[in-house]
Amino acid sequence: MPSILSVAIGSFVGLWLGMGVLCLPILVSSSCRRLFDSGPFDHIAFNYVGGMGVFTFIHVVLIFAGALVNYVVRVQISWWFLGVTLVLAGGGWIIGSIVVPRYGWWQPTESGLDGRIVLAVVAIWYEVCTLILAALFAFAWFLAYYPG
């Protein structure tokens with residue numbers, strides 16, 4: 001049986017790579033490219049990879065915190081996972097659509113399609129893809145540790 005740390009690291013890497021690839025269509029929108037272009041690094045690719053890494057790290061930490069708290073609260077981990085994913089995607093949309101423009105770091109309506117609409121679609125897409133990746137991970141876990 002693998003340690004909790006190896007499962008957490010594997011979950012982080014798998015979710016980071018999977019979501020990084022599956023959410024790449026966000027960069028089709030010129031307004032969202034401007035969002036990632038205004039990040040801390042000089043290149044949009046580094047900002048995108050870093051942003052997805054931070055987002056995924058928070059996601060995995062919250063999921064594993066819920067798994068540890070599960071023994072105390074007795075909330076089924078599947079409901080915790082779904083709730084964390086919903087809150088994180090919604091929170092990401094709020095930060096990207098309301099907070100960031102308020103501080104002047106990004107103008108979502110400058111040109112092309114409104115970036116807030118694109119971020120809303122990506123938040124929903126993140127939900128769907130995360131649930132699919134979680135189902136694949138659970139199935140792989142089942143195959144790897146099935147006693148029969």
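Here goes a summary of the coordinates provided. (Residues numbered from 1 in each chain as written. Predicted model: local features only at pLDDT ≥ 70, side-chain atom pairs only at ≥ 80, totals over all residues. Heavy atoms only, no water.)

With respect to the helices and strands, Trp93 occurs in helix H4 (residues 77-102). Residue class for Trp93 comes out partly exposed when judged on its relative accessible area of 29%. Residues Trp93 and Ala123 lie 30 residues apart in sequence; the distance between their C-alpha atoms is 6.6 Å. Among all residues touching Trp93, those that are not within four sequence positions of it are Ile98, Arg116, Leu119, Ala120 and Ala123. (Helix = DSSP H or I, 4+ residues; strand = E, 2+ residues; numbered from the N terminus. Buried < 20%, exposed > 50% of the residue type's maximum accessible area, 1.4 Å probe, protein only. Contact = heavy atoms within 4.5 Å.)

Let's shift gears to the pattern of salt bridges. Throughout the structure, instances matching the rule amount to one salt bridge. In this structure, Arg116 engages Asp114 in a salt bridge whose closest nitrogen and oxygen atoms are separated by 2.8 Å. The exposure class assigned to Arg116 is partly exposed, which follows from its relative accessible area of 31%. A relative accessible area of 18% means that Asp114 is categorised as buried. (Salt bridge = Lys/Arg side-chain N within 4 Å of Asp/Glu carboxyl O.)

On to the side chain of Ser29, then. Mapped onto the elements, Ser29 comes out in the loop between helix H1 (4-22) and helix H2 (30-37). Here Ser29 falls in the buried class, since its relative accessible area comes to 11%. When neighbours within four sequence positions are excluded, Ser29 is seen to be in contact with Leu113 and Val118.

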